[in-house]
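# Secondary and tertiary structure notes
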Amino acid sequence: MLSKAVIKYINSLQVKKYRNQHQAFVVEGAKSVIELLQSDFELQHLYLTESFEKENSRLLSKGITYEVVTEADLVRAGTYASNNAALAVAHMRQLPELVLKPTELVIALDDIRDPGNLGTIIRIADWYGITKIICSENCADFYNPKVIAATMGSFTRLQVHYLKLEEWLKQLTATHQIYGASLDGENIHQMKLQPQGIVVMGNEANGIRPEVARQINQLVKIPAYGHAESLNVATATAIIIDNFRRWE
């Protein structure tokens, strides 16, 4: 049984202030915890049910320290309404210096506030072989439990950097093609794109900020054939990135 102190500590990691203070974050559920255990993240604590222990005995036999608890313990400590598998606390990792290859395809996010959208975009990037996402400083926190959950384990394979997006893009306008999603852009279905460059996706409600838009040298749009007012930003990201990959 988890102590009140342990539950209080894990609960505190739902708040960005305390995640930063402890340099730790929470991962919940079978899929995400398995991905975590197979990654280079350093584990701090691992709590799991008897059923998860039995189903993953081979993975756990690699010298991993853990504690068997009840499903009720996992629910009290975490954010899931039900969790019959596992919960882990891991250390945040130090990212390497941000360096872009000339032929690399990168996603840049301008003020994406919704954790679910950020997590889904990370998963989309992983699907399409993109290893770096650049976030403006006001984007949702990478280590937010809702972000981690939405990635379904893809958080272990991507670098997500936070910086002053407009200043970073300004340094690259002469050397990299910078695309931006906009209703005023060119029809992406009529473009033969190479899988390289920086693709900027804007805020869910307001789009790309003017100071960021000034650094973009090619606007693109997804043509509408019906009457919906807009697309979810994660859905739009998937469609746009697919168009970059389809000519390979």
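Above this text sits the structure in question.
For the structure given in this document, a descriptive report is provided here. (Residues numbered from 1 in each chain as written. Predicted model: local features only at pLDDT ≥ 70, side-chain atom pairs only at ≥ 80, totals over all residues. Heavy atoms only, no water.)

Time to look at the overall build of the protein chain. The number of helices and strands found in the protein chain is eleven helices and ten strands. For 248 residues, the compact-globule formula gives about 18 Å, and the C-alpha radius of gyration of the protein chain, at 20 Å, lands near that figure. Dimensions of the protein chain, computed from the C-alpha atoms along their principal axes, are close to 60 × 35 × 35 Å. Buried positions account for 49% of the 248 residues belonging to the protein chain. Long-range pairs, those at least 24 residues apart, make up 76% of the contacts in the protein chain with a sequence separation of at least 6. For the protein chain, the accessible area works out to roughly 12900 Å², and carbon and sulfur atoms hold 49% of it. Side-chain charges in the protein chain split into 25 positive and 27 negative, and the spacing between the mean points of these groups amounts to 1 Å. (Helix = DSSP H or I, 4+ residues; strand = E, 2+ residues; numbered from the N terminus. Rg over C-alpha atoms; globule rule 2.2 N^0.38 Å. Buried < 20%, exposed > 50% of the residue type's maximum accessible area, 1.4 Å probe, protein only. Contact = heavy atoms within 4.5 Å. Areas by Shrake-Rupley, 256 points an atom, 1.4 Å probe, with all protein chains shown as cover. Lys, Arg positive; Asp, Glu negative; His and termini not counted. Charge placed at Lys NZ, Arg CZ, Asp CG, Glu CD.)

Next up on the list: unusual backbone geometry. A positive phi angle, near 65°, is found at Asp111, a position not held by glycine. By the element assignment, Asp111 lies in the loop between strand 5 (105-109) and helix 7 (115-127). Of note, Met152 is a non-glycine position whose phi angle comes to about 55°, a positive value. With respect to the helices and strands, Met152 occurs in the loop between helix 8 (145-151) and strand 7 (159-163).

This part is about the packing of aromatic side chains. All told, the structure shown has six aromatic pairs when counted by the stated rule. Centre to centre, the rings of Phe25 and Tyr143 are 4.6 Å apart; their planes meet at 45°, and the pair counts as tilted. Of this pair, Phe25 sits in strand 1 (residues 24-28) while Tyr143 sits in the loop between strand 6 (132-136) and helix 8; the two residues are 118 residues apart in sequence, bridging distant segments of the chain. Take Phe25: its relative accessible area is 0%, and that puts it in the buried class. On the basis of an interplanar angle of 80° and a centroid distance of 4.9 Å, the ring pair of Tyr179 and Phe244 is categorised as edge-to-face. In this pair, Tyr179 sits in strand 8 (residues 178-187) while Phe244 sits in helix 11 (residues 233-245), placing the two residues 65 residues apart along the sequence. The exposure classification of Tyr179 matches that of Phe244, with both residues buried. Members of the aromatic cluster, each reached through a chain of ring pairs, are Phe25, Phe41, Phe142, Tyr143 and Phe155. (Phe/Tyr/Trp six-rings, centres within 6.5 Å; stacked < 30°, edge-to-face > 60°.)

To continue, consider the nonpolar core. Ranked by size, the top nonpolar core spans 53 residues in total, and within it Phe25, Leu109 and Ile133 carry the most contacts. Looking at this core, the element that brings in the most residues is helix 11, giving six residues. Sequence-distant contacts of Phe25, that is, excluding residues within four places in its chain, are made with Leu13, Arg19, Phe41, Ala88, Val89, Ala90, His91, Met92, Tyr143, Ile148 and Phe155. One finds Ile134, Ile178, Ile198 and Ile208 within the second-largest nonpolar core, a separate group that totals 15 residues. (Core = buried A, V, L, I, M, F, W, Y, C linked by side-chain atoms within 4.5 Å.)

We now examine the sheet that holds strand 3 (residues 67-68). Within the open sheet, the four strands sit side by side as 1-4-2-3. Their pairing is mixed. Among the strands making up the open sheet, the edge pair consists of strand 1 and strand 3. Pairing of strand 2 (residues 43-48) with strand 3, which is carried by two bridges, proceeds in the parallel orientation. When the sheet's bridge partners are listed, Tyr47 is paired in strand 3 with Glu67. (Pairing = 2+ DSSP bridges.)

Our next topic: the pattern of salt bridges. Enumeration over the complete set of coordinates arrives at 13 salt bridges. Close ionic contact of Glu211 with Arg209 constitutes a salt bridge, the shortest N to O distance being 3.1 Å. Within the structure, one salt-bridge network assembled from shared partners comprises Lys31, Glu35, Asp126 and Arg157. (Salt bridge = Lys/Arg side-chain N within 4 Å of Asp/Glu carboxyl O.)

Running from N to C, helix 7 and helix 11 point in directions that differ by 15°, and their axes come no closer than 9 Å. Judged by the inter-axis angle, helix 7 sits roughly parallel to helix 11. Pair helix 7 / helix 11 crosses with right-handed handedness. Facing helix 7, whose interface residues are Asn117, Thr120, Ile121 and Ile124, helix 11 presents Val233, Ala234, Thr237 and Ala238. (Axes fitted to C-alpha atoms, helices over the stretch in contact; angles between N-to-C directions. Parallel < 35°, antiparallel > 145°, perpendicular 65-115°, else oblique. Left-handed = near helix turned anticlockwise from the far one by under 90°.)

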